[in-house]
Amino acid sequence: MEEKIRLQKYIAQCGIASRRHAEEMIKAGRVRVNGVKVTEMGTLVSGRDKVEVDGKPIKKEKRLVYIMLNKPAGYVTTVSDPQGRKTVLDLVQGVEERVYPVGRLDYDTTGLLILTNDGDFAYKSTHPGHETKKTYIAEVSGLPSNETLRTLREGVVLDGTPTSPAEVEVIEIRDKSSVLKIIIHEGRNRQVKRMCEAVGHPVLKLKRTAIGKLTLGNLKPGEWRYLSGHEIKLVRGIKNGRKTGTGK
Ligand code: URA
């Protein structure tokens, strides 16, 4: 018999929305299962059930795809932009599946971004408490003292709460700036920039080079490629410290 899964997970796997957004759709009464409106989160469904969102039937994506992009500056990581700026989706032409970015990078931040149509994966990897460590290379103004580096490592108070421990090292000293390698384990909004700003060393340039064990390698800005099977296992396996299923 076909496996039954929770409705919000099913909608996410259909590539319609993230799991969080799917929950909102259900609560708002936009979802029907076999013709009956469902507003309960616990409902279980399988591919045999007829699931409709806003009156339109949805089906599981046949193929879950995972893409890595080297995001250039000057692109937003949302699917569309009210200000009409270019989005990262403009860069992944030729992908038939409806992929969307996992997490965010600022407009001017460059580097590793994962895009997928696996809404369940996207949900789990950005869920607070389950975040994967992320490695950034940040050029900051000036040269932070040892004490400032310690503060960055131990925690900087942002919005009233200290950041969790980070790994921070100086990898290059320039004339009026320095380059730091910063590894953080949470994903607060504009976290690296706000941490550096808070200790008096604003970020001049920011690039993400790794998400967990997945590294950007020599992908050029604007280039993308599909993740290998091994890489998919890497990113799926690290999101909460253990392997988490098969991608169903
Ligand atoms: N931290 C930031 O400040 N900006 C990003 O784009 C990513 C992490």
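Conventions used here
Residues numbered from 1 in each chain as written. Predicted model: local features only at pLDDT ≥ 70, side-chain atom pairs only at ≥ 80, totals over all residues. Heavy atoms only, no water. Core = buried A, V, L, I, M, F, W, Y, C linked by side-chain atoms within 4.5 Å. Buried < 20%, exposed > 50% of the residue type's maximum accessible area, 1.4 Å probe, protein only. Domains from an automatic or database assignment. Contact = heavy atoms within 4.5 Å. Phe/Tyr/Trp six-rings, centres within 6.5 Å; stacked < 30°, edge-to-face > 60°. Helix = DSSP H or I, 4+ residues; strand = E, 2+ residues; numbered from the N terminus. 1 Å grid on protein atoms, 1.4 Å probe; cavity = no way out; pocket = protein on both sides within 12 Å on 5 of 7 lines; lining within 4 Å. Points joined across faces, edges and corners; volume = space filled by probe spheres on them. Buried area = accessible area lost by both parts, 1.4 Å probe. Pairing = 2+ DSSP bridges. Polar contact = N/O pair within 3.5 Å; in protein donor to acceptor, adjacent residues only side chain to side chain. Near = heavy atom within 4 Å. Areas by Shrake-Rupley, 256 points an atom, 1.4 Å probe, with all protein chains shown as cover. Nonpolar A, V, L, I, M, F, W, Y, C, P; charged D, E, K, R; others polar.

**Quick word on the nonpolar core**
Next, step 1: Counting residues in each nonpolar core, the largest one holds 29 residues, and the members touching the most others are Leu 115, Ile 182 and Val 192.
Next, step 2: The two domains that each donate at least three residues to this core are domain 2 (66-128 + 214-243) and domain 3 (133-211).
Next, step 3: When near neighbours in sequence (up to four residues on either side) are disregarded, Ile 182 contacts Lys 134, Thr 135, Tyr 136, Ala 138, Glu 167, Val 168, Val 192 and Cys 196.
Next, step 4: Core analysis: the next-biggest nonpolar cluster, separate from the first, contains 17 residues, Ile 5, Tyr 10, Ile 26 and Ile 58 among them.

**Brief notes about the packing of aromatic side chains**
Next, step 1: Taken as a whole, this structure holds 2 aromatic pairs when the rule is applied.
Next, step 2: Where Tyr 66 meets Phe 121, the ring centres are 5.6 Å apart and the plane angle is 80 degrees; that geometry is what we call edge-to-face. Of this pair, Tyr 66 sits in strand β7 (residues 66-71) while Phe 121 is found in helix α3 (residues 119-126), placing the two residues 55 residues apart along the sequence. Neither residue differs from the other here; Tyr 66 and Phe 121 are each classed as buried.
Next, step 3: Where Trp 224 meets Tyr 226, the ring centres are 5.2 Å apart and the plane angle is 85 degrees; that geometry is what we call edge-to-face.
Next, step 4: A relative accessible area of 25% means that Trp 224 is categorised as partly exposed.

**A look at the layout of surface pockets**
Next, step 1: In this structure, the second largest pocket spans a volume of roughly 170 Å³.
Next, step 2: In terms of lining residues, the second largest pocket is bounded by Asp 108, Thr 110, Ile 137, Glu 139, Arg 174, Val 179, Lys 205, Leu 206 and Lys 207.
Next, step 3: The biggest single contributor to the lining of the second largest pocket is strand β15 (residues 203-211), with 3 residues.

**With respect to the domain arrangement of the protein**
Next, step 1: Under the domain assignment, the protein is made up of domain 1 (5-57), domain 2 (66-128 + 214-243) and domain 3 (133-211).
Next, step 2: A separation of 24 Å is found between the C-alpha centroids of domain 1 and domain 2.
Next, step 3: Counting residues at the interface gives 10 residues for domain 1, matched by 10 residues for domain 2.
Next, step 4: For the pair domain 1 and domain 2, the two sides together bury roughly 780 Å², of which 44% comes from carbon and sulfur.
Next, step 5: Area buried by domain 1 at its contact with domain 2 is led by Gly 15, Arg 19 and Arg 20, which between them contribute 57% of it.

**Considerations on helix α6 (residues 229-237)**
Next, step 1: Buried residues of α6: Glu 231, Leu 234, Val 235, Arg 236 and Gly 237, and no others.
Next, step 2: Summarising the contacts, the buried residues of α6 are in contact with β7, β9 (110-116), α3, β16 (214-215) and β17 (224-226).

**Concerning the sheet that holds strand β6 (residues 56-58)**
Pairing between the strands of a sheet comes from backbone hydrogen bonds, and it takes one of two forms, parallel or antiparallel.
Next, step 1: Strand order in the open sheet formed by 4 strands is β3-β2-β5-β6, with antiparallel pairing between adjacent strands. The open sheet has two free edges, formed respectively by β3 (36-37) and β6, since each of these has just one partner strand.
Next, step 2: Bridging between strand β2 (residues 31-33) and β3 involves 2 bridges; their strand directions are antiparallel. Residue pairing for β3: Arg 32 is matched across the bridge by Lys 37.

**Concerning α3**
Next, step 1: Most of α3 is tucked away, with 6 of its 8 residues classed as buried.
Next, step 2: Taken as a whole, α3 has its buried residues at Gly 119, Asp 120, Phe 121, Ala 122, Tyr 123 and Ser 125.
Next, step 3: The residue sitting at the N-terminus of α3 and contributing the capping side-chain oxygen is Asp 118; that oxygen lies 3.2 Å from the backbone nitrogen of Asp 120.

**Quick notes on the side chain of Thr 87**
Next, step 1: Inspection of the secondary structure puts Thr 87 in the loop between β7 and β8 (100-101).
Next, step 2: Under the relative-accessibility criterion, Thr 87 is labelled buried at 6%.
Next, step 3: Setting aside residues up to four positions removed in sequence, Thr 87 forms contacts with Tyr 75, Val 76, Thr 78, Val 79, Ser 80 and Asp 81.

**Description of the site of the ligand**
Next, step 1: With respect to spatial proximity, the complete set of residues near the ligand consists of Leu 105, Asp 106, Thr 109, Tyr 136, Arg 190, Gln 191, Val 192, Lys 193 and Leu 206.
Next, step 2: The separation between an oxygen atom of the ligand and a polar side-chain atom of Thr 109 is 2.9 Å.
Next, step 3: Between an oxygen atom of the ligand and a main-chain N or O atom of Lys 193, the distance comes to 2.9 Å.
Next, step 4: Coverage of the ligand by the protein amounts to 95% of the 240 Å² it exposes when considered alone.
Next, step 5: Sort the elements by how many residues they give to the shell around the ligand and helix α5 (residues 191-198) lands first, with 3 residues.
Next, step 6: Looking at the shell around the ligand residue by residue, the classes come out as 4 nonpolar, 2 polar and 3 charged.
Next, step 7: Looking at the shell around the ligand, you find at least three residues from each of domain 2 (66-128 + 214-243) and domain 3 (133-211).

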